[in-house]
Amino acid sequence: MKKSIFLVIIIFVILILGLVNKTFFAEKYLILNGVNNVVYLPIPKFSIFLSENNKEIKLYTFKKEETINKFVNNYFKNLESCYDGNYYYDHNRKVTIMDYSYNDNIITIKYSQNNICSKEHELSSNWSSKFNEAEFKYIKYNNKDIDVNKFKEFINSFSNYELHRYNKDIKINENYHLKAEFVYDNKTYKVDITHLKKDFVGIKISYDNKFESAKFKTSIDNLLEDYFN
């Protein structure tokens, strides 16, 4: 008899949770991405909604950490990862997941309605300033040594050209390839500048297995050949 009463109480509590809490029986959490764009983020079933503040969702779960991690990894495997796996962009929902973690039965989900991954490899706005205080190991154009002052003069000329954002690796044209290695702020960098097509030049700065890149429209058919030959 006592077991039956206890079971009835448990069922009653579950039903109350399901009625009162908006996520308990749900497998997705509704957010608004834009004015009228409804988006659902996947969540583990039987999660109790705790709070949402500044695009950070808190849920309570009765499930084990291994179960939650398996759920999250299954979701992440179809997303675009960036910044060494710290962020994941969901192309279908058009949100970046910045955190989806478990700690003491609390699930934390942080998200952004911007594609943060799209900026991972964008050339920083102050990219050229590094060269002013850099210590160069070598500067070569098609394996010919280039004077550091001529190189800096060439870099400074890019302020006159039209910048095109470029969030992927630059394909090097070995026939027109300016490259250098330098130390700045105790970090070693490599820079590759190459002719792309017509009047476009590509720039790639690499460091610590990461890179930034951009394209510049120069209005000169082959800027590198024109400058260094």
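The rules we used
- Residues numbered from 1 in each chain as written.
- Predicted model: local features only at pLDDT ≥ 70, side-chain atom pairs only at ≥ 80, totals over all residues.
- Heavy atoms only, no water.
- Patch = residues over 30% accessible without salt bridge, like charges linked within 9 Å, V, L, I, M, F, W, Y side chains within 5 Å.
- Areas by Shrake-Rupley, 256 points an atom, 1.4 Å probe, with all protein chains shown as cover.
- Salt bridge = Lys/Arg side-chain N within 4 Å of Asp/Glu carboxyl O.
- Helix = DSSP H or I, 4+ residues; strand = E, 2+ residues; numbered from the N terminus.
- Buried < 20%, exposed > 50% of the residue type's maximum accessible area, 1.4 Å probe, protein only.
- Contact = heavy atoms within 4.5 Å.
- Polar contact = N/O pair within 3.5 Å; in protein donor to acceptor, adjacent residues only side chain to side chain.

Trainee: Mind showing me how you'd approach a nonpolar patch on the surface here?
Mentor: Together, Leu30, Val38 and Tyr40 line one region of the surface with nonpolar side chains, adding up to about 250 Å² of accessible area. Along the chain, Val38 falls in strand S2 (residues 38–42). In this structure Val38 comes out as partly exposed when scored by relative accessible area, which is 42%.

Trainee: Can you help me understand the environment of Thr218 in this one?
Mentor: Within the secondary structure layout, Thr218 lies in the loop between strand S15 (210–217) and helix H4 (223–228). On the basis of relative accessibility, which here comes to 4%, the residue Thr218 falls in the buried class. In this structure, the C-alpha to C-alpha distance between Thr218 and Phe200, residues 18 residues apart in sequence, is 6.1 Å. If near-sequence neighbours (up to four positions away) are discounted, Thr218 is found in contact with Tyr161, Asp199, Val201 and Leu223. For Thr218, the side chain forms a polar contact with the main-chain oxygen of Ile220, separated by 3.1 Å.

Trainee: Just checking my understanding: could you explain the side chain of Thr96 for this structure?
Mentor: You can see Thr96 is positioned in strand S7 (residues 95–103). Judged by relative accessible area, Thr96 falls into the buried class, the value being 0%. For Thr96, the side chain forms a polar contact with the main-chain nitrogen of Ile116, separated by 3.1 Å. With sequence-adjacent residues up to four places away left out, Thr96 is seen in contact with Tyr87, Tyr88, Tyr89, Lys110, Tyr111, Ser112, Asn114, Asn115 and Ile116.

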